[in-house]
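Summary of structural features
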Amino acid sequence: MSKDSDEDRTQSRRRKRDDDSPIEDERTRNSRREKSRRNDVDRSERRRKRDSGSDDDGKGDRRRRGSRGDEERSERKLREKERERDRDDERRRRRKNEEKDQDDGKRRGRKGFDEEDAGTEAKPFLEEPNNVAAERVVAPTGKTGGVYIPPFKLARMMRDVEDKGSLEYQRLTWDALRKSINGLVNKVNASNIKNIIPELLGENLIRGRGLFCRSCMKSQMASPGFTDVFAALVAVVNTKFPEIGELLLRRIILQFKRAWKRNDKPQLLAAVKFIAHLVNQQVAYELIALELVTLMLEKLSDDSVEVAVGFITECGSMLQDLSPKGVHGIFERFRGILHEGQIDIRVQYMIEGLFAIRKAKFQGHPAIRPELDLVEEEDQFTHEVSLDDEIDPETSLDIFKPDPNFLENERHYEDLKKSILGEESEDDDRSDAESDEDDEEEEEEEEEEERMRIRDETETNLVNLRRTIYLTIMSSVDFEEAGHKLLKIKLEPGQEMELCIMLLECCSQERTYLRYYGLLGQRFCMINKVHQENFEKCFVEQYSMIHRLETNKLRNVSKFFAHLLGTDALPWHVLAYIRLTEEDTTSSSRIFIKILFQELSEQLGIKLLNERLNDPSMQDSFESIFPRDSPKNTRFAINFFTSIGLGGITENLREYLKNMPSLIMQKQIPALEEDDEPESSGRSSTEPGSESSDSESESEPESREKRKRRRR
């Protein structure tokens with residue numbers, strides 16, 4: 001009974017659904033009824049067979065259980081399909097009702113409400129003009145301006161709006177003002193700032209002062225290298241609208257305070273740099289700079305000291321002129337931090353660099369660049385804002401708000417703009433701009449292409465050049481092929497030195513010296529005198545840093561330069577940079593000199609080498625190698641060359657050492673004769689000297705005779 005009642009209930013529900021469905025026609029309804037009837041018959045037949053079947057063996061039970069599972073699954077699928085069909089019918093019914101309601105609403109909108117049918121009072125419907133309704137876009141409600149509207153479409157929409165004081169027109173002008181200010185601020189640089197300022201003042205900065213401040217801060221945060229440019233732009237605007245400069249300064253100080261509390265170093269660096277350049281432009285009072293440094297040096301940390309060093313580097317030149325006592329106190333605090341030694345070594349080096357900059361009177365860090373010095377001191381307004389003040393950023397100025405006196409304020413700014421920029425009419429400007437627009441654009445493009453030279457701060461081009469030179473040197477069969485390929489490489493002015501450095505580096509990296517590098521260096525020195533001068537500079541640099549090289553690299557470098565000297569590819573006056581004394585040489589430099597002269601003797605021979613070293617025209621260059629200033633240095637040079645097997649080149653030096661006592665006597669005799677004067681004071685001073693010289697001259701022959709006797 002329960003099963004039959006459930007089936008009857010399901011069938012009645014289906015019939016009711018079929019009767020109530022407003023979407024399906026009569027034919028569809030009948031087919032569905034017939035299908036449901038057949039399903040009911042099949043279901044009852046399956047139930048009857050299942051109940052009447054009696055199979056007691058195990059196979060029959062398994063077959064029965066399997067068939068029952070299949071039936072249950074099929075019934076479950078049927079029920080799910082029915083539920084899905086019911087849901088689809090419900091959706092169609094709702095959709096049709098909504099469409100019907102919309103049609104009724106449109107009909108009522110065109111004809112108005114019928115009071116007798118509706119039973120309520122009719123409400124008036126305001127129709128829009130066709131042109132406005134066609135072009136009308138939903139007003140964006142977000143802070144960022146909402147949907148994007150192309151500029152041409154925005155201008156056309158503004159022209160089509162008849163009521164210039166309407167909310168929609170104010171929204172359109174606000175979007176246009178925001179885009180214009182952002183574009184001008186993002187486009188400004190040191191070369192075009194004088195052209196950007198009139199365009200910027202042509203916009204309604206009184207209405208868009210919040211937009212201007214926000215755009216400046218965002219652009220400076222994105223490009224800290226242009227901070228001085230943005231500060232110069234703000235300084236010019238501050239002369240005309242001081243409230244804008246004060247608003248920007250308050251917002252930057254608030255940004256600094258928030259970044260300081262949150263330990264947000266990138267934002268802190270940007271805010272500090274902006275404040276420093278506003279101090280340089282005298283938009284901000286110098287006391288705010290001293291307060292900032294005092295705050296950052298109050299609780300020491302590596303980051304706070306680093307930021308303080310960067311801040312003083314940027315505005316120290318101006319603070320030195322405005323508040324020398326304050327700057328002196330700051331540097332005393334930096335000196336105390338160095339003595340305490342509680343911070344990182346890297347930051348200590350930064351402080352030492354700051355002291356060096358101060359000693360050089362901030363050369364290389366001017367307060368204002370000449371091209372950005374646009375405001376006279378008497379025209380500038382300086383704002384006093386303290387860190388302890390409660391600051392209102394006035395963020396509501398960044399958001400669109402309807403203005404009841406919109407047209408009046410716009411006319412007032414137009415008059416103000418004419419008084420600032422001049423009385424030139426807009427029609428004349430438009431006509432001139434249209435006539436000269438094409439020519440100016442072409443000229444500007446050409447000038448920008450000429451001015452725009454990309455500076456490779458990452459040295460990517462230099463690394464690629466060195467890689468090319470290295471691969472060319474290592475892949476060539478002989479020095480002639482390498483020289484031919486290297487000459488084809490286009491080097492910019494000043495990059496010739498890289499070729500010499502890479503050739504020397506490749507030579508030093510080899511396990512043993514290869515004559516290939518010497519021949520290649522000789523070829524370049526013979527081709528161009530510039531390479532000869534560069535190799536001479538390399539010789540000086542390598543000798544000054546010879547103690548850093550390993551023994552193998554030292555040997556290769558010395559043999560390379562010996563080849564250049566032996567073939568006269570390198571002038572011999574470079575040997576003047578070598579001073580052969582015990583005090584001026586190290587073990588590495590002595591090894592370098594030893595290998596250098598041994599290679600020269602092998603290439604030239606001891607006889608030719610001696611002739612070269614005794615050339616009268618080159619004696620000034622060889623004085624440092626064969627010193628004659630004191631017997632000690634002379635003996636050291638003689639002993640050095642004798643120990644390396646080149647005593648033959650020191651014959652002249654030995655003769656000089658042998659004749660040194662007689663030379664000293666010859667120099668002292670005229671001095672004694674000149675000092676023989678009637679004054680007692682003079683005599684008393686010269687007699688001890690002469691006695692000592694005589695005693696020295698007499699003692700030397702006696703000592704020699706004693707040595708000879710001992711040897712016998």
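Residues numbered from 1 in each chain as written. Predicted model: local features only at pLDDT ≥ 70, side-chain atom pairs only at ≥ 80, totals over all residues. Heavy atoms only, no water.

1. So, the side chain of E536
Filter applied, for reference: Only DSSP runs of H or I with at least four residues qualify as helices, and only runs of E with at least two residues qualify as strands; both kinds are numbered from the N terminus onward. In this scheme, a residue with accessible area under 20% of its type's maximum is buried, one over 50% is exposed, and one in between is partly exposed, where area comes from a 1.4 Å probe on protein chains only. Positive charges come from Lys and Arg alone, negative charges from Asp and Glu alone, with His and the N- and C-terminal ends not counted. One speaks of a salt bridge when a side-chain nitrogen belonging to Lys or Arg is within 4 Å of a carboxyl oxygen belonging to Asp or Glu. Here a residue-residue contact requires only that any non-hydrogen atoms of the pair lie within 4.5 Å.
As for its position among the elements, E536 is in helix α23 (residues 529-544). Buried and without a salt bridge, E536 has K529 as its closest oppositely charged side chain, separated by 8.7 Å. For E536, the contacting residues outside a window of four places in its chain are L570, P571, H573, V574 and Y577.

2. Focus: the nonpolar core
Cut-off, in case you're wondering: Take the buried Ala, Val, Leu, Ile, Met, Phe, Trp, Tyr and Cys residues and link them wherever side-chain atoms come within 4.5 Å; each set so joined is a nonpolar core.
The biggest cluster of nonpolar side chains holds 81 residues, and the ones touching the most others in it are L205, F212, L278, V305, F311, I312 and F334. Beyond its immediate chain neighbours, meaning those up to four positions away, L278 contacts A231, V234, L249, I252, V283 and A284. Among the nonpolar cores identified, the runner-up in size contains 62 residues, and L486, M502, Y543 and I595 belong to it.

3. Here's the deal with helix α28 (residues 631-643)
The condition that has to hold: Expected helix span is computed as 1.5 Å times (number of residues minus one).
Its 13 residues place the ends of α28 18 Å apart at the C-alpha level, agreeing with the 18 Å of an ideal helix rising 1.5 Å per residue. What α28 keeps buried is the set N633, T634, F636, A637, I638, F640 and F641. After α28 finishes, the residue G645 shows a positive phi value of roughly 85°.

4. A look at the packing of helix α21 (residues 496-509) against helix α22 (residues 515-527)
The condition that has to hold: Note on geometry: axes are C-alpha line fits, over the in-contact stretch for helices, and angles between N-to-C directions span 0 to 180 degrees. An angle below 35 degrees is treated as roughly parallel, one above 145 as roughly antiparallel, one from 65 to 115 as roughly perpendicular, and anything else as oblique. Here a crossing is called left-handed whenever its near helix is offset anticlockwise from the far helix by less than a right angle, and right-handed whenever the offset is clockwise. Here the term charged refers only to Asp, Glu, Lys and Arg, the term nonpolar to Ala, Val, Leu, Ile, Met, Phe, Trp, Tyr, Cys and Pro, and the term polar to all other amino acids, Gly among them.
Closest axis-to-axis distance for the α21/α22 pair is 10 Å, and the angle between their directions is 165°. What the angle tells us is that α21 and α22 run roughly antiparallel. Note that α21 runs across α22; the crossing there is left-handed. Contacts between α21 and α22 pair L499, L503, C506 and C507 from the former with Y517, L520, G521 and F524 from the latter. Along the lines of polarity and charge, the residues of the contact of α21 with α22 split into seven nonpolar, one polar and no charged.

5. Notes on a positive patch on the surface
The following threshold applies: Patch definition: residues above 30% relative accessible area lacking any salt bridge, with like charges linked at up to 9 Å and the nonpolar side chains Val, Leu, Ile, Met, Phe, Trp and Tyr linked at up to 5 Å. Computed by Shrake-Rupley with a 1.4 Å probe, the accessible areas treat only the displayed protein chains as cover when residues are assessed. Charge coordinates come from a single atom per side chain, which is NZ of Lys, CZ of Arg, CG of Asp or CD of Glu.
A contiguous patch of positive charge, built from K35, K77, K81 and R85, is present on the exposed surface. Sorting elements by how many residues they give to the positive patch places helix α3 (residues 58-111) first, with three residues. Here K35 is to be found in helix α2 (residues 26-52).

6. Brief notes about the packing of aromatic side chains
Selection rule: Working definition: a ring pair exists when centres of Phe, Tyr or Trp rings (six-membered ring for Trp) sit within 6.5 Å. Plane angles under 30 degrees give stacked, over 60 give edge-to-face, the rest tilted. Charge over a ring is defined by NZ of Lys or CZ of Arg lying within 6 Å of the ring centre and within 35 degrees of the ring normal.
Applying the stated criterion to the full structure yields 15 aromatic pairs. Within the aromatic cluster, the residues linked to one another by ring pairs are F535, F539, Y543, F560, F561 and F592. R358 extends its terminal NZ or CZ atom over the ring of F331, reaching a point 4.3 Å from the ring centre.

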